[in-house]
Amino acid sequence: MSTRVPYLTARLQGFGTTIFAEVTRAAIEHDAVNLGQGFPDFDGLDFVREAAIEALRAGHNQYARSFGVPALNRAIAAHQKRFYDIDCDPDSEVTVYSGATEAIFAALQALCDVGDEVVMFEPYYDSYLASICMAGAAPRVQTLRAVEGEDGPTFRFDADALERVVSGKTRAILLNTPHNPSGRVFSREELAQIAAIARKNDLIVISDEVYEHLVYEGQHVPIATLPGMRERTVTISSAGKTFSLTGWKVGWTVAPPPLTRALRSAHQFITFATATPLQHAIAVALEQADERYYDELVAAYRARRDKLCAGLSEVGFAPARPEGTYFVCADIRPLGFESDVALCRVLPERAGVAAIPTSAFCRNKAEGEHLVRFAFCKSEALLDEGIRRLRDNIETLRA
Ligand code: PMP
Ligand code: GLN
């Protein structure tokens, strides 16, 4: 990390290879159960994949409209109405991107001037920091810390401390709920605190809600639905998690027309447009996924969550049961480990399991080094095997 990469610009020095690529490489090398990178080991729905094949055969193979094929923009607007009672115009408020990753990048490019500050919660999804830096903006972080509650620890922020991080240079708050990696689903009260800070300081909120449908406790509240927030919020989501199609990279933003016009100025020069047949197929997925689909998705993930949390506890970790997402952060200190990086480095080879060191998502490394993130977007059989391997090999990890 500290060695200078030749040719690379100063703004990208120090980022190294993403932790996801590094951990997946180690998992493949050691034939480990990959509980690191968050991708399902099962496939998306047949009818969605068929819709993509259909779209290819129907000749939907040239550039799409830059801001999305009309059917998908309409389906996204209908989704916002159906789940959140948000009225948005498909043509002037919805934009399609090559994944939420591009949407985040485009939003920061479009909305931040060089020197502007962007506030985000730590631990954060790794592309946030790089995207802020590539936009020439400056990151400011507020740490989420585990607080003991009736149902075990949940990750919380201190609203006063958050307000102190905001300065005259702050342009935006980059929010993520449900939150990767902590699994926290921010409550309406917490979102109201963030919203109050945004309104008071005239900030834009860029709200990454890619796990909106993976909620097991509480309810997902889009911050755009809070008073005075619709006009200052860019809501981001993606088909990857909801339809178990992470490789398709179809994401979107919903934002009022003035913000959308700015976002599209960036998007048109980043990718211009997203894979046309896949957009048609995601339009079909959004239109046809019924109540039962979403209920079964949540039920299946809840069962996987409970299995992984129980298994990790049995091995001796202290997992914080997530309210949402498909990740669980486990405290490694009860087993006598001190460094998430050191543990994750030996895990694939010695235990045949791969996981992510949470400090990779922190500017203040000390805030994450006692936590390891395990993904449960995996078949129950694979989770069982991962847990068995951890249990059988835990002593070798101490060596
Ligand atoms: N945001 C968060 C919080 C994520 O965990 C991910 C991981 N997929 C993304 C954004 C990126 O989504 P996409 O694959 O659609 O680019
Ligand atoms: N979102 C996924 C995770 O957090 C990984 C995405 C990626 O590999 N870039 O594991």
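Cut-offs applied
- Residue numbers here run from 1 along each chain, matching the order of that chain's written sequence.
- Chains carry letters from A onward and ligands carry numbers from 1 onward, assigned in written order.
- Residues qualify for local features only when their pLDDT is at least 70, as the model is predicted, and side-chain atom pairs are given and counted only at 80 or more; totals for whole chains, interfaces and linings, by contrast, use all residues.
- Water and hydrogen atoms play no part in the side-chain values, which are based on all heavy atoms of the structure.
- Here a strand is any run of E in DSSP of at least two residues, a helix any run of H or I of at least four, and the numbering for each starts at the N terminus.
- Helices are assigned an expected span. That span is 1.5 Å times one less than the residue count.
- Each residue is placed in one exposure class: buried if its accessible area under a 1.4 Å probe, protein chains only, is under 20% of its type's maximum, exposed if it is over 50%, and partly exposed if it falls in between.
- When we speak of the arc, we mean the arc of directions from the helix axis to the C-beta atoms.
- Whether two residues are in contact is decided by their heavy atoms, any of which lying within 4.5 Å being enough.
- Two rings belonging to Phe, Tyr or Trp (six-membered ring only in the last case) form a pair when the distance between their centres is within 6.5 Å. Interplanar angles under 30 degrees mark stacking, angles over 60 mark edge-to-face geometry, and anything in between is tilted.
- Two conditions define a charge sitting above a ring: the NZ of Lys or the CZ of Arg must be within 6 Å of the ring centre, and it must be within 35 degrees of the ring normal.
- Think of it like this: strands point away, you trace from the first strand over the helix to the second, and a clockwise trace means the crossover is right-handed.
- Each salt bridge in this description consists of a side-chain nitrogen of Lys or Arg and a carboxyl oxygen of Asp or Glu lying within 4 Å of one another.
- Whether two strands pair depends on DSSP finding at least two bridges between them.
- What makes a residue near a molecule or strand is one non-hydrogen atom of that residue sitting within 4 Å of it.
- As used in this structure description, the phrase polar contact means that two N or O atoms lie within 3.5 Å; if the pair is within protein, one of them must be able to donate a hydrogen and the other to accept it, and residues adjacent in sequence are counted only when both atoms belong to side chains.
- Using a 1.4 Å probe, accessible areas were evaluated by the Shrake-Rupley method; residue-level cover was limited to the displayed protein chains.

## Looking at helix 2 (residues 46-57)
- Along its 12 residues, helix 2 runs 16 Å from first to last C-alpha, staying within 8% of the 16 Å computed at 1.5 Å per residue.
- Within helix 2 the residues assigned to the buried category are V48, A51, A52 and A55. All buried residues of helix 2 lie within an arc of 100° about the axis, which places them on one face of the element. Structural note: helix 2 exposes D46, E54 and R57 on the side pointing more than 90 degrees away from its buried face.
- As for helix 2, its buried residues are in contact with helix 10 (276-288).
- Just downstream of helix 2 lies G59, where phi reads positive at about 85°.

## Some details on the packing of aromatic side chains
- One pass over the full model with this rule turns up 19 aromatic pairs.
- Taken together, a centroid distance of 4.9 Å and an interplanar angle of 70° make the contact between F83 and Y294 edge-to-face. Of the two residues, F83 sits in helix 3 (residues 70-84) while Y294 sits in helix 11 (residues 291-315), which places them 211 residues apart along the sequence.
- Against the face of F327 rests R373, its NZ or CZ located 3.6 Å from the ring centre.
- The ring of F39 carries the charged tip of K378 above its face, separated from the ring centre by 3.8 Å.

## Comments concerning the pairing of strand 4 (residues 138-143)
- Most of strand 4 sits out of view: 5 of its 6 residues are buried.
- A crossover connection joins strand 3 (residues 117-122) to the parallel strand 4 through helix 5 (residues 126-134); in handedness this β-α-β unit is right-handed.

## Concerning the pattern of salt bridges
- Scanning all chains against the criterion turns up 24 salt bridges.
- Residues E29 and R25 are paired through a salt bridge, measuring 3.4 Å at the closest nitrogen-oxygen approach. Of this pair, E29 and R25 both sit in helix 1 (residues 19-29), 4 residues apart, which is roughly one turn of the helix.
- Looking at E29, the relative accessible area reads 55%, which means it is exposed.
- Among the salt bridges present, the one from K307 reaches E380, with a minimum N-O distance of 3.7 Å. Here K307 is found in helix 11, whereas its partner E380 is found in helix 13 (residues 380-398), with 73 residues between them in sequence.
- Looking at E380, the relative accessible area reads 35%, which means it is partly exposed.

## Considerations on the sheet that holds strand 14 (residues 356-357)
- Pairing within the open sheet is antiparallel, and its 4 strands lie in the order 11-12-15-14. Each edge of the open sheet is held by one strand with a lone partner, namely strand 11 (318-320) and strand 14.
- Pairing of strand 12 (residues 327-331) with strand 15 (residues 371-375), which is carried by 5 bridges, proceeds in the antiparallel orientation. Opposite C329, over in strand 15, you have R373 as the bridge partner.

## A closer look at the site of ligand 1
- Within the structure, ligand 1 sits among 13 residues, and T101, D208, Y211, S238 and K241 are positioned closest to it.
- The contact in question runs from an oxygen atom of ligand 1 to an N or O atom on the side chain of Y211, over 2.6 Å.
- For ligand 1, an oxygen atom lies 2.7 Å from a polar atom in the side chain of S238.
- In the complex, 94% of the free accessible area of ligand 1, which totals 390 Å², lies under the protein chains.

In short, shape yes, function no, at least from these values alone.
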